[in-house]
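Here is what each chain is made of, one letter per residue.
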Amino acid sequence: MNRRRVIRDTTIIIVVAATFLIIYMALSGGANALNIKVFFSPYFYSNEQFKLQQGPYLIGDTIYTVINIRGLSSKKGMVHYSVSSELSDRHGSIIRESSLSWERFDSYSKVVQARVRIPTPANLEEGNYLLKIRVRDENTGDWIISQKEVGLKSAFNIGKVEMIAEGSSVELIPPMFTKNTAFYVNAQIVGFLQQKDTDGNRTYNIKGKMIVRDNNGNEVKQLERDISIEGKSPYEKKELWVRKKVNTSSLSPGMYTLTLILTDNISGRTIAEDYYFRVV
C-alpha cells in the first residue's frame, strides 16, 4: 500500500513539474529561444547635445535605441553576438545601415543590453521610416529581427517674422505701409545644420532671396534681395535672424506678397514662406 502511494505521489510530482516546464517553455519561447526587445532611448542626439525627446525625431539627428536580448548561448561563460541596423524608406530602399559585434562574459539566463545609434541623413524628406534591428547569436547561428516605424520631421523653418516701418514698432495684420517710406523685414531661422571642423568650430551656410510680387503675381525686380548668412563659431547656434530693408517708393498702392526663399547649404533643404503687406 505504501509502495503504491509512493508511486502515485511520485507520478503526481512528475506530472506537475512537467506541466510547469511546458508552460515556462511556452511563455519563454523554448529553452534556447533567442528573443529581442527594442525600445527607443528617452534621449535623442542633436547637435552634440542630449535632449529629452520621445519623437518624432528631427532629420539629421542620431536615434538611439536600447536592445534587451535574452536567450544568448554561452561558451565558457562568453556570449558572442552581432547587431545590425537598417533604416529604409516606405519603398524599401535602404538609407542607412551599420553593424556591430560584441563578445562579453555573461551568464546564459541574464538579459544582455546593448545600445545602438542610427544617424539619419540630413537630406531626408519628412515622413515615416522603417528601422530594422537584427541580432545574431554567433555561438549558435540563430538570429532574429525586430522592426519599428520611426517618424522624422524637418526642423528647418522660418519662425517669427516681423515687418516694421522705420521709426515705428506698430504691427498691423496685414502690415500697412505708406508709399515712399521703408520697412524692415525681420525673420527668425531655426533648425539649420552646422558642420564641425577639425578645429572644433561650427560652420553654417544659408543662402536665399527675398522676392516681392504684386497682386497679379508679377515680380517687382528692384525689390529682389539676395540673402547670405554664413559664419563660423566654436559655439552652437540655435537661431539666426534675417534683417532686410524694403523701400516702397517704387510701389503703387495695393496688396503685395513678400516671399522668403532660404536654402540650408549644409543639409540641402529649401524652405519658402509667403507674407503679405499693403501699400497705401
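What comes next is a walk through the structure. (Residues numbered from 1 in each chain as written. Predicted model: local features only at pLDDT ≥ 70, side-chain atom pairs only at ≥ 80, totals over all residues. Heavy atoms only, no water.)

**Quick word on the packing of aromatic side chains**
Thinking step 1. Scanning all chains against the criterion turns up six aromatic pairs.
Thinking step 2. Centre to centre, the rings of F177 and F183 are 4.0 Å apart; their planes meet at 5°, and the pair counts as stacked. Of the two residues, F177 and F183, both sit in the buried class.
Thinking step 3. Summarising the aromatic geometry, the rings of Y256 and F277 are spaced 5.6 Å apart at their centres and angled 20° between planes, so their arrangement reads as stacked. Of this pair, Y256 sits in strand β18 (residues 254-264) while F277 is found in strand β19 (residues 269-279), placing the two residues 21 residues apart along the sequence. Residue Y256 shares its accessibility class with F277, and that shared class is buried.
Thinking step 4. One cation-aromatic arrangement involves R134 over W143; the distance from NZ or CZ to the ring centre is 4.3 Å.
Thinking step 5. Of note, R243 hangs over the ring of Y184, and the distance from its end group to the ring centre comes to 4.0 Å. (Phe/Tyr/Trp six-rings, centres within 6.5 Å; stacked < 30°, edge-to-face > 60°. Buried < 20%, exposed > 50% of the residue type's maximum accessible area, 1.4 Å probe, protein only. Helix = DSSP H or I, 4+ residues; strand = E, 2+ residues; numbered from the N terminus. Lys NZ or Arg CZ within 6 Å of the ring centre and 35° of its normal.)

**Examining the sheet that holds strand β6 (residues 78-88)**
Thinking step 1. Spatial ordering of the open sheet is given by β4-β10-β9-β6-β7, a layout of five strands whose pairing is mixed. Edge positions in the sheet fall to β4 (57-58) and β7 (94-105), since each of these pairs with one other strand and no more.
Thinking step 2. Looking at chain direction, strand β9 (residues 127-137) and strand β10 (residues 143-153) are connected through 10 bridges and run antiparallel. Residue pairing across strands places K132 opposite Q147, the latter belonging to β10. (Pairing = 2+ DSSP bridges.)

**A short note on unusual backbone geometry**
Thinking step 1. In this model, K76 sits at a positive phi of 55°, which is unusual for a non-glycine residue.
Thinking step 2. The residue K76 is located in the loop between β5 (62-70) and β6 in this model.
Thinking step 3. Assessed through its relative accessible area of 83%, K76 is described here as exposed.

**Considering the sheet that holds strand β13 (residues 182-190)**
Thinking step 1. Pairing is antiparallel across the open sheet formed by three strands, whose spatial order is β11-β13-β17. The sheet terminates laterally at β11 (157-165) and β17 (239-247), the two strands that pair on one side only. Averaged over all neighbouring strand pairs, the angle between strand axes comes to 20°, with direction disregarded.
Thinking step 2. Pairing geometry for β11 and β13, over seven bridges, is antiparallel. Bridge pairing in β13 places M163 opposite V185. (Axes fitted to C-alpha atoms, helices over the stretch in contact; angles between N-to-C directions.)

**Some points on the environment of M78**
Thinking step 1. Along the chain, M78 falls in strand β6.
Thinking step 2. Residues M78 and N139, 61 residues apart in the sequence, show an inter-C-alpha distance of 9.2 Å.
Thinking step 3. Leave out the neighbours within four places in its chain, and M78 touches S73, E103, R104, F105 and N139. (Contact = heavy atoms within 4.5 Å.)

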